[in-house]
Amino acid sequence: MITIKDISKNYGNTVILRRVQLSIPVGSCRSLLGESGSGKSTLLKILAGLEKPDSGSFIYQGEELINKPAEKRSVVYLSQDPLLFPHMTVYDNLAYGLRVRKMPSSTLEEKVITLAQQIGLKEHLKKHPHQLSGGQRQRVNFGRSVIITPRMLLLDEPFASLDATTRGKMQELYLDISRKYQITSLFVTHDVREALIMGDTYGILRNGSLSCYDTRALFIQQPDSGVAEEINFWKSIQ
Amino acid sequence: MVSRIATYIVLTFVSLPLLAAVCLSVTDSWFFPSFIGSITLEHYKVLWSGHELAHSTLVSLAIASTMSIASTFIGAVISVALHYGRHTTPRLLALGYFPYAIAPVVLGSMLQYYFLRLGLFGSLSGVLIAQSFITIPFAVLLFSTFWSDNVIRLSAQARTLGASTSIVIKDIIFPMSKRWIYLCLVQCFLISWLEYGLTRVIGAGEVRTLTVSIMSLASQASISEAAVACCLMLLPPSLIFMIQYRMVSSQAHL
Amino acid sequence: MRRAIKYLFICLCLAPLLFGVIYSLGYSLGLAGLLSDGFTWDYWIGLINSGNLMRSTIYTIGLGACSLIIAVMAALVVSWKSGRYGVDHRSSISKSKAEVLILLPLLFAPVTAAFCWYQILSPGGFIARASFHLGLIHETSEFPRLVNDDLGIGIVICHVFLILPVFSYLFTATAHKHRLHRLYLQSNTLGASSWYFFKKVYTPMLLQKNMRVLWLYLIFLLGTYEVPLLLGGSRSQTFSVFIADKLTRFNLGDIPSGYCMAIWYTVLITVMTALYLRWQKSILW
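Everything numeric here is computed off the predicted structure, so don't read it as measured data. (Residues numbered from 1 in each chain as written. Chains lettered and ligands numbered in written order. Predicted model: local features only at pLDDT ≥ 70, side-chain atom pairs only at ≥ 80, totals over all residues. Heavy atoms only, no water.)

Trainee: It is not clear to me how the interface of chain B and chain C should be interpreted in this structure. Could you clarify?
Mentor: Interfaces are frequently sized by the accessible area removed from exposure as the parts join. Counting residues at the interface gives 77 residues for chain B and 79 residues for chain C. Contact between chain B and chain C buries roughly 7,100 Å² in total, counting both sides, with carbon and sulfur atoms accounting for 80%. The three residues of chain B that bury the most area against chain C are B:Phe32, B:Phe98 and B:Met110, which together make up 10% of that side's buried surface. At the boundary of chain B and chain C, one finds zero salt bridges. Per-element accounting of the side of chain B that touches chain C gives the leading share, 16 residues, to helix H1 (residues 2-25) of chain B. Residues that form the side of chain B that touches chain C fall into these classes: 62 nonpolar, eleven polar and four charged. (Contact = heavy atoms within 4.5 Å. Buried area = accessible area lost by both parts, 1.4 Å probe. Salt bridge = Lys/Arg side-chain N within 4 Å of Asp/Glu carboxyl O. Helix = DSSP H or I, 4+ residues; strand = E, 2+ residues; numbered from the N terminus. Nonpolar A, V, L, I, M, F, W, Y, C, P; charged D, E, K, R; others polar.)

Shown next as C-alpha cells:
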C-alpha cells in the first residue's frame, strides 16, 4: 500500500496543498480530477521528489520516502509533453533508466526490445525523438518509465496534447501495459471520462484539498465530479 | 543604378581596411605619393627569425587559448551551480553585465593599484586574472541562455528515472550543451585575442600580445610590420568565421 | 557548495568593480594614494574647472551618438537592400557574396581597424595618394584632416566600420523574424510606395524592436579605447583615453583627475547599464 499523509505546501501566503491524504493499493491506479491551479502538478512533483513539502509523509510499503532524493525514490513523473532526451535514440531513451541502474547489456537489450514490441515501436528504435509523431513520443516516454518497474508512476495529464483517436489508443495501451507490469499509478486529468477509464479508485482536488472515493459509484455521485453533467448532456441530445 | 552604386560603396567601405592591411604588409618603401611601393614578402619572414612578432603571436595564442578553456570551464561550473534544478533569478544574472559594460582599460586602470600590491602587475598571470574578470561573467551569461525550461524539466525527468546529479550532468546536460560549449570557447578566445586596453594596462607593456605589438609598431612608424601583425590578428577570427559559415551552410542544406 | 559558487559569481562580478571604485573614490577625495593628505574636494573641483569633465563627456557621448546614428542609417539601407524589397532579383549583385562581404569587419579587432583606417585616412594615406594621382591635391598638407582631428571624423568612420555588420545582420534578422516582406506586399496593395513603406513602417519597426541593443552599443561605444587613442585629436579626449592617459603615465599630479574621471565614467555606465537591464526584462525594479 502507498500512503500519503497530511502533505501541505504553501508559496508565501498562498496555500497550494492543504493536508492532502490518500492511499493507493500496490498495482492499482487512482485517478485524480482537478481544474488547473488546483495543486495537482505540485502534489505530483512533491511525490516525485522534485519539490519539498512543508509537511507530510509519503510511505511505500512501510518505507518513508518523503526525505529521499528524487533519484532514490523510484517514483517516475510523466508530464503532458513527452520529455525525451533529444540527443538519444529511441533505444537509448528506453534503456536510460536501466543503464543508470547498471543492468548488464544483454538483459538490458532483451528488456528494451520486448518493451518496444509491446508499445509498437520496434521499428523505430534507431530514430531520434524529432523523427517521431506526438503519440509515438508519448509512447517512448511511457515505455521509458515502466521499463524500470517503478514503485509508482505519476502521470500529469499525459495524453492532453494528443488528438482524440491517438488519445484513445494511448489509454488502451497504458491500461494494457500497466496491468502487465503491475504498475501503481496516480493519474491526474481534468477530463472526467479519462478519469473513469483509467482509474480503479478516484479523487477530486479542489483548491489544494483532496477528497478520495474508493468506488466508482461514490465518485459518480459527487456533484462536482462532473459525471452527472456528462450523463445529462448525452441524454439531452438523444 | 543608384542602388548598385550604393551597394558598391558599402562593399568597398567594408573591404578597404583588409585591402590596406594586406597591401601594406607586402609593400616596401611606401613613400608618398606612390600608391603601392615595391612588393615583397620580406616582412613575413620575420615570423621565422625569432622576431618580436612571432613571440607576440605565440603569447596571444597562449593567453587566448588559456582564457577560452578556463573561462568556459569555470563559467560552466558556475552556470550549473546557479541553474541546475531551478530557475535562477534574473537579478543575479544581471550582475554579469556590469564588468562587461565597463571599458576594460578603465577597469584595468582602476585596479592597477591592487595588481601592483599583489605583485601581479606586468605579469602574464596578472593579465590572465584581469581578463577573467570579463570572460567568466560573459561565459556565465552565455551559458544562462542554455538553461531553458525544457532543459530543467529534462534533468528533473532523468532524476526521477534514477539518475544522480553527476549522471544527469554527464548524460543530459553535457551532450545537450555542446553547442554552447563550442560557442563559449570561441567567444572567450576572441574576446581575449582582440583585447588591448586591459592587457596594456595590467601587462604594463611587459606582456606583449599581438594587439600591444600593433600599437607599439604603429607608434614606431614600422608600418609594414604593424600591417603583418594586423594580418596575423585576422587569421583566427577568419578561420572561426569560415568554420561557422560552413556549419550554417551545411545545416541550411539539410 | 552551490551557495559558495553563487557567492563566488557575485564576487567575480562585483568585487573588481567595487574594489576599483573604492580605491578610485578614495584617491579622488584625497584619502588614498601617494598624494593623500586628508579629505578634499580639490581634485574634483579642479577637474570640473579645467573643463575636462564636461569636454570629455560631450566629446565621448557625441562621438558615440554620431557613430551609432550613421551606422544605424547605413545598416537600415543595407538590410533593406539585402531583403530585396521591390528589387528585380536578376539585376542585383550576387546576394550571398555581398552578404558575406558585409560581415568582414567582424574579423577586426578595434586596434587593427584603427591602424588600417589611419593608413587609409591620414594625410599620407591611401585616399590622400589617390587624390594626388587624381589631381585633387598637390601635397599632403592640402588633404583635409580626417584623423587626429578635433571633430573625430576618423573615429566615427572606424566605429561605423566596426558596428555596421552587427546592425545590418540584426536588422535583416529582425525584418525576417517579423515577416516585414509580407507587410511590404500588403502595404503595396494599399497603394504605398517602397520609400513610404521604408520611412513609415520598416525603419520605425526595426528601431523600436532593437532599441535595447542600440542602447547597449552606445554603452560600449562610450568605452572604446583603441580607436580614439590612434585616431583621436589632442584637444579633446574620450573618457577611456583620458583615464588611461592620466593613470598609466605616473605623473603624480595627474593621477587624481584620472581617478575622478574614472568614477564619473563608472557612474554613468552603471546607470546606463541599470537602465538597460530594467528595460530588458524589468528585472531590477
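Trainee: How should I be thinking about the packing of aromatic side chains in this particular structure?
Mentor: The description of an aromatic ring pair rests on the distance of the ring centres and on the angle between the ring planes. Going through the model one piece at a time under the given rule, you end up with 38 aromatic pairs over all chains. Consider the rings of C:Trp80 and C:Phe197, whose centres lie 6.0 Å apart with planes at 35°: the pair is tilted. With C:Trp80 in helix H3 (residues 52-83) and C:Phe197 in helix H9 (residues 194-209), this residue pair connects regions lying 117 residues apart in the sequence. Both residues of the pair, C:Trp80 and C:Phe197, count as buried. Each residue in the set B:Tyr100, B:Phe138, C:Phe167, C:Phe171, C:Tyr217 and C:Phe220 is aromatic and connected to the rest through ring pairs, giving one cluster. The ring of C:Phe242 has C:Lys246 lying over it, and the distance from NZ or CZ to the ring centre is 4.9 Å. (Phe/Tyr/Trp six-rings, centres within 6.5 Å; stacked < 30°, edge-to-face > 60°. Buried < 20%, exposed > 50% of the residue type's maximum accessible area, 1.4 Å probe, protein only. Lys NZ or Arg CZ within 6 Å of the ring centre and 35° of its normal.)

Trainee: What is the right way to look at the environment of A:Leu50 in this model?
Mentor: Counting through the fold element by element, A:Leu50 comes out in the loop between helix H1 (40-48) and strand S4 (55-60). With residues near it in sequence (within four places) discarded, A:Leu50 still touches A:Lys45, A:Ala70, A:Tyr77, B:Ala156, B:Arg159 and B:Thr160.

Trainee: Where do I start with the confidence of the model for chain C in this structure?
Mentor: Detailed reading of the predicted model is not advised wherever pLDDT is low. All names here are of chain C. This prediction gives chain C a mean pLDDT of 87; 93% of its residues lie at or above 70. Taken element by element, the predicted model of chain C shows its lowest mean pLDDT in helix H4 (residues 95-101) (72) and its highest in helix H5 (residues 110-121) (94). Low pLDDT (under 50) marks residues 88-93, which in the prediction has eight contacts with non-local residues, meaning those over four places away or in another chain. (pLDDT = per-residue confidence, 0-100.)

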